[in-house]
Amino acid sequence: MTANRTSHQEKIIRNYYQNRDAIGLQKAQEAVTELYLSEGKKRATVWKRLCSHLEKVGVPEARIEELRESDDPAAVAALLEKIAK
């Protein structure tokens, strides 16, 4: 399967996986912003996406569930700020 990729494509894929944590953190931060602005079904969708990004950053599932149950974007933002440092 890798024979069908150019060396440039291989480099892009390799860089993506090397920077996966940073990408997950950025996406999680963007999702928190959306969470502040959303309500109803949209909010549930944003939470689902946010949980996925938090997993990629390395947040334990128990902590993710706590954050989801509290439904507090400020708590998630504080956690992400600690991770970013």
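Residues numbered from 1 in each chain as written. Predicted model: local features only at pLDDT ≥ 70, side-chain atom pairs only at ≥ 80, totals over all residues. Heavy atoms only, no water.

**Student:** Just give me the short version of the packing of helix α2 (residues 20-37) against helix α3 (residues 40-57), but keep the residues and values in it.
**Tutor:** Closest axis-to-axis distance for the α2/α3 pair is 8 Å, and the angle between their directions is 155 degrees. When the axes of α2 and α3 are compared, the pair comes out roughly antiparallel. The crossing of α2 and α3 is left-handed. Across the interface between the two elements, Arg 20, Asp 21, Gly 24, Leu 25, Lys 27, Ala 28, Ala 31, Val 32, Glu 34 and Leu 35 of α2 pack against Lys 42, Arg 43, Val 46, Trp 47, Arg 49, Leu 50, His 53, Leu 54, Lys 56 and Val 57 of α3. In terms of residue class, the contact of α2 with α3 is made up of ten nonpolar, two polar and eight charged. (Axes fitted to C-alpha atoms, helices over the stretch in contact; angles between N-to-C directions. Helix = DSSP H or I, 4+ residues; strand = E, 2+ residues; numbered from the N terminus. Parallel < 35°, antiparallel > 145°, perpendicular 65-115°, else oblique. Left-handed = near helix turned anticlockwise from the far one by under 90°. Contact = heavy atoms within 4.5 Å. Nonpolar A, V, L, I, M, F, W, Y, C, P; charged D, E, K, R; others polar.)

**Student:** Provide a residue-level description of the packing of aromatic side chains, including the pertinent values.
**Tutor:** In total, this model carries one aromatic pair according to the counting rule given. With a centroid separation of 5.0 Å and an interplanar angle of 80 degrees, the aromatic rings of Tyr 16 and Tyr 17 are classed as edge-to-face. (Phe/Tyr/Trp six-rings, centres within 6.5 Å; stacked < 30°, edge-to-face > 60°.)

**Student:** Mind laying out the packing of α2 against helix α5 (residues 73-84), listing which residues take part and the relevant values?
**Tutor:** Packing of α2 against α5 brings their axes to within 10 Å, and their N-to-C directions diverge by 160 degrees. Considering the angle they form, α2 stands roughly antiparallel to α5. α2 and α5 meet at a crossing whose hand is left-handed. Contacts from Leu 25, Ala 28, Gln 29, Val 32, Leu 35 and Tyr 36 of α2 reach α5 at Pro 73, Ala 74, Val 76, Ala 77, Leu 80, Ile 83 and Ala 84. Taken together, the residues of the contact of α2 with α5 break down into twelve nonpolar, one polar and no charged.

**Student:** Residues and numbers for the nonpolar core, please.
**Tutor:** The biggest cluster of nonpolar side chains holds 17 residues, and the ones touching the most others in it are Trp 47, Leu 50, Leu 54, Leu 67, Val 76 and Leu 80. When residues of this core are traced back to their parent elements, those giving at least two are α2, α3, α4 (61-70) and α5. Considering every element that reaches this core, the biggest residue donor is α3, with six residues. With residues up to four places along the chain from it excluded, the contact list for Val 76 reads Val 32, Trp 47, Leu 50 and Leu 67. (Core = buried A, V, L, I, M, F, W, Y, C linked by side-chain atoms within 4.5 Å. Buried < 20%, exposed > 50% of the residue type's maximum accessible area, 1.4 Å probe, protein only.)

**Student:** Can you tell me about α5, naming the residues and giving the values?
**Tutor:** Under the 1.5 Å per step criterion, the end-to-end length of α5 is 16 Å for twelve residues, consistent within 8% with the ideal 16 Å. Listed as buried for α5 are Pro 73, Val 76, Leu 79 and Leu 80. The arc that holds the buried residues of α5, viewed along the axis, is 125 degrees, so those residues lie on one side. Two or three places before Ala 74, at the opening of α5, Asp 72 has a side-chain oxygen 3.2 Å from that residue's backbone nitrogen. (Expected span 1.5 Å × (residues − 1). Arc of directions from axis to C-beta. Polar contact = N/O pair within 3.5 Å; in protein donor to acceptor, adjacent residues only side chain to side chain.)

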